[in-house]
Every structure is written in structure tokens, then in C-alpha cells.
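Report on the structure
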Amino acid sequence: MKKIEKWLTSPFMQRAVYLLLLLLWLYINKSNGNFNRFYASNTLGIPYAVIVFLPALLLGLQVYWNKQWLWRVLCGFLICFTLWLATLSMPSIISAAGAGAKTIVWGFGVIGFTVLLVLLLAFLNWMLLHMKPKR
């Protein structure tokens, strides 16, 4: 773990990881040329374009400048996103596990995907917290 933490403190590697995360974020959120989707709002009333481009802008700025104040904003954003996702999804998963039309089949795939998503977010939070720039 110490080697990974030391590796993550290198400014070059930090920028490379931020660039990789930026490209991954844009790839995941590509709209296949359908830009009408960006004008639609999510359940909270926030336009989808803001949800996609705000993190992309923050990651792009961090690739370019790699400043501590941007790192703090990114950390806060990721922690808020993780908490929002947990508070939004966990109650609905638990309530849907009961009887009725909303029943979820708790198969290996559903449980595995949920565990994988939680582990991925935990790893991203851990990694970002250890990528604090020196300046």
C-alpha cells in the first residue's frame, strides 16, 4: 500500500490518473450523437449536461493545473456523489426486496454488481484522498 500511496503522490502520475478518469467519464457518458439528452433533467431537476460536464471540467482543470484547491473540490464532489448515490439507491433497493410488483430477484448478478459498484466507489474515494497535490 505504501508503494501505491507514494506512486499516487507523483505529480505526473496524478495528472495521468486524472486524464484517465476524464476520458473514462466522457466515454461512459457519451450520447452517441444524441445531444437532446443533455437538455433533459434528472429526477432532481438538474440538467444532464451539468451532471456530465461539471465533473469533466473539474477533471480537465486538475489535469492542467493540479492544484490543491481543485483537489479539495474534486474530493468534496466525489464524496457528495457517493453519499447521494448511497442515500438514493439503498432505500429503494431495500424497499424493492419485499413482495409486490417491485420485487428484485436477489441473484448472484445483482448482488455482485452492487458489491462491485460499492467497491469501485470506495477505491476511487481512497485513491483520490491519497492524490493530494503538494501545492
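Structure: above.
Everything quoted here is computed from the prediction, not taken from an experiment. (Residues numbered from 1 in each chain as written. Predicted model: local features only at pLDDT ≥ 70, side-chain atom pairs only at ≥ 80, totals over all residues. Heavy atoms only, no water.)

Side note on unusual backbone geometry
To keep things clear, this is the line we draw: Only DSSP runs of H or I covering at least 4 residues are called helices, and only runs of E covering at least 2 are called strands; the numbering of each starts at the N terminus. Working definition: with a 1.4 Å probe on protein chains only, accessible area under 20% of the residue-type maximum means buried, over 50% means exposed, and in between means partly exposed.
With a phi angle near 55 degrees, Asn66 is a residue other than glycine that sits in the positive phi range. In this structure, Asn66 sits in the loop between α3 (48–65) and α4 (68–96). A relative accessible area of 2% places Asn66 in the buried class.

Here we look at helix α5 (residues 108–129)
Short version of the rule: To estimate the expected span of a helix, subtract one from its residue number and multiply by 1.5 Å.
Helix length check: α5 (22 residues) gives 31 Å between terminal C-alpha atoms against 32 Å at 1.5 Å per residue, within 8%. When we look at burial in α5, the residues that qualify are Leu121, Asn125, Met127 and Leu128.

Topic: the nonpolar core
Inclusion rule: To define a nonpolar core, start from buried Ala, Val, Leu, Ile, Met, Phe, Trp, Tyr and Cys residues and group those joined through side-chain atoms within 4.5 Å. Note on contacts: a residue pair is in contact if any heavy atoms of the two residues lie within 4.5 Å.
By size, the foremost hydrophobic cluster in this structure holds 15 residues, and its most contacted members are Tyr18, Leu59, Trp71, Leu74, Met127, Leu128 and Met131. Contributing elements (two or more residues each) for this core: α2 (11–28), α3, α4 and α5. Take this core: its biggest share by element is five residues, from α4. Look past the residues within four positions of Met131 in its chain and what remains in contact with it is Leu8, Gln14, Val17, Tyr18 and Trp71.

Section: the environment of Ala16
As for its position among the elements, Ala16 is in helix α2. Sequence spacing of Ala16 and Val63 is 47 residues, and the spatial spacing of their C-alpha atoms is 7.5 Å.

Coordinates in, geometry out; function isn't part of it.
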